[in-house]
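Summary of structural features
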Amino acid sequence: MANKKTDVSKLWKSEDWLACWLGFIIIAIGIVAVLTKAFDFSAVKFSTWTWGEQLTGAAAAKAVPLGQQLGSWAFWAKTIRTFLVLGVLFSIGVKLQGEQIKKFVPAFVVLFVISLLVRLISAEFTLNRYLEWAFWALLIGLLISNTVGVPNWLKPAIRTEFYIKTGLVIMGFSVLFSNIAKFGLYGIAIAWIVTPLVIIFMYWLGTKVFKMDNKPLVITMASATSVCGTSAAIATGAASDCNKKDLSLVISISIIFTILMMVLEPVILKAFGTPEIMAGSIIGGTVDSTGAVAVAGSTFGSGSVGEKSAVLVKMIQNILIGFIAFFVAIFFATNVNKKQGEKVGAGEIWTRFPKFILGFFVASLVASFIVQPLAGADSVKAINGVLDQFKNWCFVLAFVSIGLDTNFKELAQRMQGGKVLWLYVVGQVFNIALTALMVWFVLSGTFFPVPVLD
C-alpha cells in the first residue's frame, strides 16, 4: 500500500505531471476567458517598435512607439497579470516538489525581468524580422553567465525543463488535426514521410558514421533539423533525457542556420523559377522555425500561394512533434538507456515516459475534437491568440535559463571536434534534397493534379 500511495503522489509531486496540470490550468482559464468574454486573460506582449526608422504599409500599421507602450496602463496591467499567473503557478509547482518558495520567488522576479527585457529587444522591427525572441533569450542568458556570472540566489529560478514542459503542454492546444484537411495527402506526404526518414538518417549518421556516443544529443539534433527547430528540440530533448547544455548547443546551431535558410531559400528557389506552391512547400518542410517559415513564405507576397503552402506544410509537420517525442521516449527507455541484462517492461516504460507528452496530446485532442466542433474555428483561433503568449513566456523563461546555465567554453567542448556541426549540415542537406524530391513528386503535376489553394 505504501508503494501505491507513493506512485499516486507523483501525480502532484513530479515535475512532468505538474507541467501537465499547470498547462491545463492556463488552457482552461484561456478557454473560459475567450468564450465567456467575462475577463481579459491576455499576457503582455510588446508591439513592434523602431529606433526612429520610418515604416510603411502593414509594418507601420502594427508598429507602436516604445514610449507609448511603456506609458500605457494596459501594458503594465498585462505585465502584472502575466507575472502573477506564471509566478503563482510555478511557485505552487516548486512547493509541491518539496522545495522552498522563499528562495524561488525573489529569483523568479529577476528571471521574469530579464525575460521582459528579452521580449522588449526582440520586438524591435529589424531584430524581430530576422531573429526570433529565442535567439535573444539565449544570447542574453549566455552573456550574463559568461561575464558577471550567475549568483547563487538566482539559481533556484533556473528550472529549464519545468518551463519547457509547461510551455509544450500549452502549445498542444494550437496543434489542430483539422490543418491536415487544408492540404490533404499532399502535405502529409511532404511532412510525414520525409521527416521520419531524415530523423532515421541523421541518427544513423551521428551514431554509426561519426561515432558520436552522445545519443540524446544526436536524436535531439535530428528532430530539430527535420521538424521545427527549437520546439522539436525541446520536446525530443526531454524525451531522450538530453543534457540541457547539449540542448543549448542544438538550439544555437538551429537558430543560426534557420536565419540563413530563411533569407537564402526564397532567393534560390525564385532564381530556379520554382512554381510558388512547390517553393513554399520546400520552405515549409525545411526551414526549422514556424515563424521563419512565415517570413520566408511572405517574400512571395502576402496571401500568396507560396506563403500559404509554406505555412500549411509547416503546420502539418508540427503535428508530428508529440508523436516523435512519444516514440523517442519509448526507444530510449527500451534500448538506449536500458542497462545491460535489464528487462524493460510496460511498467518501466511508463515510469520513464515523459508525462508532459501526454499533456501535449490531450491539449491537442481537446482543441481539435471538442472545442473546435462546439465553439468553431474562430473561437479556437482567438483562444490560441491568448495561449500563444503564455506558451512563449514559458519558452522565454526556459531559454534564458538555458543561457544562464551555459558556459561558452563548455559549449565549444560539446561540439565534439566539429562533429555536431557536420551532423546538422549533412542532415539538413539530406532534408532539403529529400523534401524537394517529394515536393516534385506530389506537386509538379507529373503524377498528381496540382491542388488549388484559396
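Residues numbered from 1 in each chain as written. Predicted model: local features only at pLDDT ≥ 70, side-chain atom pairs only at ≥ 80, totals over all residues. Heavy atoms only, no water.

Per the secondary structure count, the protein chain includes 22 helices and zero strands. At 22 Å, the protein chain has a C-alpha radius of gyration in line with the 22 Å of a compact globule built from 454 residues. Based on the C-alpha atoms only, the size of the protein chain along its principal axes is roughly 65 × 65 × 50 Å. For the protein chain, with 454 residues in total, the buried portion stands at 51%. By sequence separation, contacts in the protein chain at least 24 residues apart represent 80% of the contacts at least 6 residues apart. Per element, the accessible surface of the protein chain, about 20300 Å² overall, is 67% carbon and sulfur. (Helix = DSSP H or I, 4+ residues; strand = E, 2+ residues; numbered from the N terminus. Rg over C-alpha atoms; globule rule 2.2 N^0.38 Å. Buried < 20%, exposed > 50% of the residue type's maximum accessible area, 1.4 Å probe, protein only. Contact = heavy atoms within 4.5 Å. Areas by Shrake-Rupley, 256 points an atom, 1.4 Å probe, with all protein chains shown as cover.)

This part takes up the packing of helix 2 (residues 15–36) against helix 5 (residues 73–96). Interhelical geometry of helix 2 versus helix 5 gives an angle of 155° and a closest axis separation of 10 Å. On the basis of the axis angle, helix 2 is roughly antiparallel to helix 5. Read as a crossing pair, helix 2 and helix 5 show a hand that is right-handed. In this structure, helix 2 uses L18, L22, I25 and I26 to contact helix 5, whose residues at the interface are V85, L86, L89, F90, G93 and L96. Residue composition of the contact of helix 2 with helix 5, grouped by class: nine nonpolar, one polar and no charged. (Axes fitted to C-alpha atoms, helices over the stretch in contact; angles between N-to-C directions. Parallel < 35°, antiparallel > 145°, perpendicular 65-115°, else oblique. Left-handed = near helix turned anticlockwise from the far one by under 90°. Nonpolar A, V, L, I, M, F, W, Y, C, P; charged D, E, K, R; others polar.)

This paragraph deals with the confidence of the model for the protein chain. Predicted coordinates in regions of low pLDDT should not be interpreted in detail. With 90% of its residues at a pLDDT of 70 or more, the protein chain shows a mean pLDDT of 85. Long-range and interchain partners of residues 1–6, a stretch whose pLDDT sits below 50, account for zero contacts in this model, where long-range means more than four residues apart. (pLDDT = per-residue confidence, 0-100.)

It is worth spelling out empty space enclosed by the protein at this point. Inspection of the entire model under this criterion finds one cavity of 30 Å³ or more. In this structure, the largest cavity occupies an estimated 40 Å³ of space. The wall of the largest cavity is formed by L168, A235, I321, G322, A325, F356, I357 and F360. For the lining of the largest cavity, the per-class residue count stands at seven nonpolar, one polar and no charged. (1 Å grid on protein atoms, 1.4 Å probe; cavity = no way out; pocket = protein on both sides within 12 Å on 5 of 7 lines; lining within 4 Å. Points joined across faces, edges and corners; volume = space filled by probe spheres on them.)

Looking now at the nonpolar core. The biggest cluster of nonpolar side chains holds 141 residues, and the ones touching the most others in it are F90 and F173. The element contributing the most residues to this core is helix 20 (residues 377–404), with 15 residues. (Core = buried A, V, L, I, M, F, W, Y, C linked by side-chain atoms within 4.5 Å.)

Bringing the side chain of E265 into the picture now. As for its position among the elements, E265 is in helix 13 (residues 244–271). This buried residue, E265, is left without a salt bridge; K314 holds the nearest opposite charge, at 9.3 Å. For E265, the side chain forms a polar contact with the side chain of T286, separated by 2.9 Å. Filtering out sequence-adjacent residues up to four positions away, E265 remains in contact with I282, I283, T286, V287 and I432. (Lys, Arg positive; Asp, Glu negative; His and termini not counted. Salt bridge = Lys/Arg side-chain N within 4 Å of Asp/Glu carboxyl O. Polar contact = N/O pair within 3.5 Å; in protein donor to acceptor, adjacent residues only side chain to side chain.)

Attention now moves to unusual backbone geometry. At K37, a residue that is not glycine, the phi angle is positive and equals roughly 55°. One can find K37 in the loop between helix 2 and helix 3 (57–62). For D241, which is not a glycine, the phi torsion comes out positive at approximately 65°. Its place among the elements puts D241 in the loop between helix 12 (230–239) and helix 13.

Before going further, it helps to spend a moment on the pattern of salt bridges. By the definition in use, this model includes five salt bridges. Residue E15 is joined to K165 by a salt bridge in which the shortest nitrogen-to-oxygen separation is 3.1 Å. Highlighted residues: E15 in helix 2 and K165 in helix 9 (residues 160–172), separated in sequence by 150 residues. Judged by its relative accessible area of 11%, K165 is buried. The salt bridge involving D16 is made with K165; its shortest N-O contact spans 2.6 Å. Residue D16 is located in helix 2, and its partner K165 is located in helix 9; the two are separated by 149 residues in the primary sequence. One exposure class covers both D16 and K165, and it is buried. Residues joined by salt bridges that share partners form a network here, namely E15, D16 and K165.

Moving on, we come to the packing of aromatic side chains. Using the criterion set out here, one finds 24 aromatic pairs in the structure. On the basis of an interplanar angle of 20° and a centroid distance of 4.7 Å, the ring pair of F41 and F390 is categorised as stacked. Of this pair, F41 sits in the loop between helix 2 and helix 3 while F390 sits in helix 20; the two residues are 349 residues apart in sequence, bridging distant segments of the chain. Each member of the pair, F41 as well as F390, carries the same accessibility label: buried. Ring centres 4.9 Å apart and planes at 85° place the aromatic pair F75 and W76 in the edge-to-face group. What links up through ring pairs into an aromatic cluster is the set F83, F90, F104, F108, F112, F162, Y163 and W393. (Phe/Tyr/Trp six-rings, centres within 6.5 Å; stacked < 30°, edge-to-face > 60°.)

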